[in-house]
Amino acid sequence: MTHDENSKEGTHAVQNKIPSEYREVPHPPLRHGCNAWWRWSQHHKSHEVRLYARTALFHPNWSHGTAAVRGTQEINGGLHYWEVHVSQRLFGTAVMFGVCTPSARLHADTFVSLIGEDEFGWGLSHKGLLWHNGVWRKYTDPFRENRATTIGVLFDGERGVLGFFKDSCWLGVAFTGLDAVTEPLYPVIASTAAKTELSLGATRRGWLGLQDRARHALISALSQPHLLYTLPLPTALCHYLEDDLPPSQANGRSPLLSLTNQPAVAS
């Protein structure tokens, strides 16, 4: 079987497995979910990636290969959606978006389609190609080079479905069967192009259950998020609640929190 025949067969296999609700998806998805407060990881990235707040700068001087950076949030199970804003420096061998396991490499000294070069990644290239296990197949038209764009990534961890938006338009399901992956899965981006800037936009997730909804309702009822640390709550419960706070507001070592949980001292 030729490479092209293999790609066509893979496309038909995916189409046959698509749940009906994913044939058309309105934008933005997860309107009834909540914000997910993850970011690009300082500890899981190529040395050719510089992080500035929510922006990843690839190959800040010149490029000799391929660099990637992983997100901090494990996304197995549940619904997840995130957006990546791409600067106008969109060119080269591959600018990519997708998910990977910890076994995927995040740097190569050659120009390659890094996300999906092996069984540890599932990626979309700006050339409109999907990559997994070293095999590519056509997914959409190539992106216009040197033009800014926004890529949305929708992942259903329960059903194992991964799909993409481009500038708010649903491109369709890209991969299925990811619910069978036993390793942790993380958002990931990669680029071969020098001075590419990929910025994390909206990050959303679906509810994990009634307890998760109750946590979000409690946090939303506070006039200011930091008021959580004034409540007389057990430490474990306070830590669970603060997981729903923006990073700028979460402070598990808050002096106020420490005072709240310290036993009273007799005078």
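Our structure is the block above this text.
Summary of the structure given here. On a predicted model such as this, the values are computed, not experimentally measured, just so you know.

**Some thoughts on helix 3 (residues 235-242)**
Alright, step 1. Among the residues of helix 3, those classed as buried are Cys 238, Leu 241 and Glu 242. All buried residues of helix 3 fall inside an arc of 95 degrees around its axis, so they share one side.

**Let's talk about the nonpolar core**
Alright, step 1. One finds Trp 40, Trp 82, Phe 97, Phe 164 and Ile 189 to be the most contacted residues of the largest nonpolar core, which totals 34 residues.
Alright, step 2. The next biggest cluster of nonpolar side chains, apart from the first, holds 13 residues, and it includes Met 96, Cys 100, Ile 115 and Ala 190.

**Concerning the pattern of salt bridges**
Alright, step 1. Under the defined criterion, the tally for this structure stands at five salt bridges.
Alright, step 2. Here Arg 105 ties to Glu 117 by a salt bridge, and the two come within 2.6 Å at their closest N and O atoms. Taken together, the positions of Arg 105 in the loop between strand 7 (95-100) and strand 8 (107-108) and Glu 117 in the loop between strand 8 and strand 9 (121-125) put the pair twelve residues apart, joining distant regions of the chain.
Alright, step 3. Its relative accessible area of 41% is what places Arg 105 among the partly exposed residues.

**With respect to the environment of Glu 117**
Alright, step 1. Given a relative accessible area of 24%, Glu 117 falls into the partly exposed group.
Alright, step 2. Separated by twelve residues in sequence, Glu 117 and Arg 105 have C-alpha atoms that sit 9.4 Å apart.
Alright, step 3. Other than its neighbours up to four places away in sequence, Glu 117 contacts Arg 105, Val 112, Asn 133 and Gly 134.
Alright, step 4. Reaching out from Glu 117, the side chain makes a polar contact with the side chain of Arg 105 at a distance of 2.6 Å.

**Structural notes on the packing of aromatic side chains**
Alright, step 1. Applying the stated criterion across every chain, the model contains five aromatic pairs.
Alright, step 2. Plain terms: the ring middles of Trp 38 and Trp 82 are 5.8 Å apart, the flat faces sit at 80 degrees to each other, and that makes the pair edge-to-face. Taken as a pair, Trp 38 in the loop between strand 1 (34-35) and strand 2 (40-45) and Trp 82 in strand 6 (residues 79-86) lie far apart in primary sequence, 44 residues in all.
Alright, step 3. Both rings, one in Tyr 81 and one in Phe 165, keep their centres 5.7 Å apart while their planes meet at 85 degrees; by these two values the pair is edge-to-face. A residue pair is termed long-range when its members are at least 10 positions apart, and Tyr 81 in strand 6 and Phe 165 in strand 13 (residues 161-166) qualify at 84 residues.

**A short note on the side chain of Ser 113**
Alright, step 1. Residue position: Ser 113 is located in the loop between strand 8 and strand 9.
Alright, step 2. Residue Ser 113 is classed as buried on the basis of its relative accessible area of 14%.
Alright, step 3. Side chain to side chain, Ser 113 and Trp 131 meet in a polar contact 3.5 Å long.
Alright, step 4. Look past the residues within four positions of Ser 113 in its chain and what remains in contact with it is Ala 94, Met 96 and Trp 131.

**Comments concerning the pairing of strand 12 (residues 149-156)**
Alright, step 1. Judged by how many residues are buried, strand 12 sits mostly within the fold: seven of eight residues are covered.
Alright, step 2. Of the pairings in the sheet, the one linking strand 6 to strand 12 comprises eight bridges and is antiparallel in character. When the bridges of strand 12 are listed, Trp 82 appears paired with Val 153.
Alright, step 3. As paired elements, strand 12 and strand 13 share six bridges and run antiparallel to each other. Each residue of the ladder has a partner; that of Leu 154, found in strand 13, is Gly 163.

Reading the values: the criteria
- Every chain begins its residue count from 1, and numbering advances along the sequence as written.
- Per-residue local features are limited, in this predicted model, to residues with pLDDT of at least 70; the limit for side-chain atom pairs, both in listing and counting, is 80 or more; totals at the level of whole chains, interfaces and linings are taken over all residues.
- The basis for the side-chain values is all heavy atoms of the structure; hydrogens and waters are excluded.
- For every residue, the accessible area obtained with a 1.4 Å probe (protein chains only) is divided by the maximum for its type, and the residue is called buried under 20%, exposed over 50%, and partly exposed between those limits.
- For helices the rule is a DSSP run of H or I covering at least 4 residues; for strands it is a run of E covering at least 2, with both sets numbered from the N terminus onward.
- Of all possible arcs, the one meant is that of the directions from the helix axis to the C-beta atoms.
- Only buried Ala, Val, Leu, Ile, Met, Phe, Trp, Tyr and Cys residues count toward a nonpolar core, and they belong to the same one when joined by side-chain atoms within 4.5 Å.
- A side-chain nitrogen of Lys or Arg and a carboxyl oxygen of Asp or Glu constitute a salt bridge if their distance falls within 4 Å.
- The contact criterion used throughout is that any non-hydrogen atoms of two residues lie within 4.5 Å.
- We define a polar contact as two N or O atoms separated by no more than 3.5 Å, with the added condition that, inside protein, one atom must be a possible hydrogen donor and the other a possible acceptor, whereas residues neighbouring each other in sequence contribute only through side-chain atom pairs.
- Centres within 6.5 Å make a pair out of two Phe, Tyr or Trp rings, where for Trp the six-membered ring is used; the pair is then stacked when the planes are under 30 degrees apart, edge-to-face when over 60, and tilted otherwise.
- Two strands pair under a simple rule: DSSP has to find at least two bridges between them.

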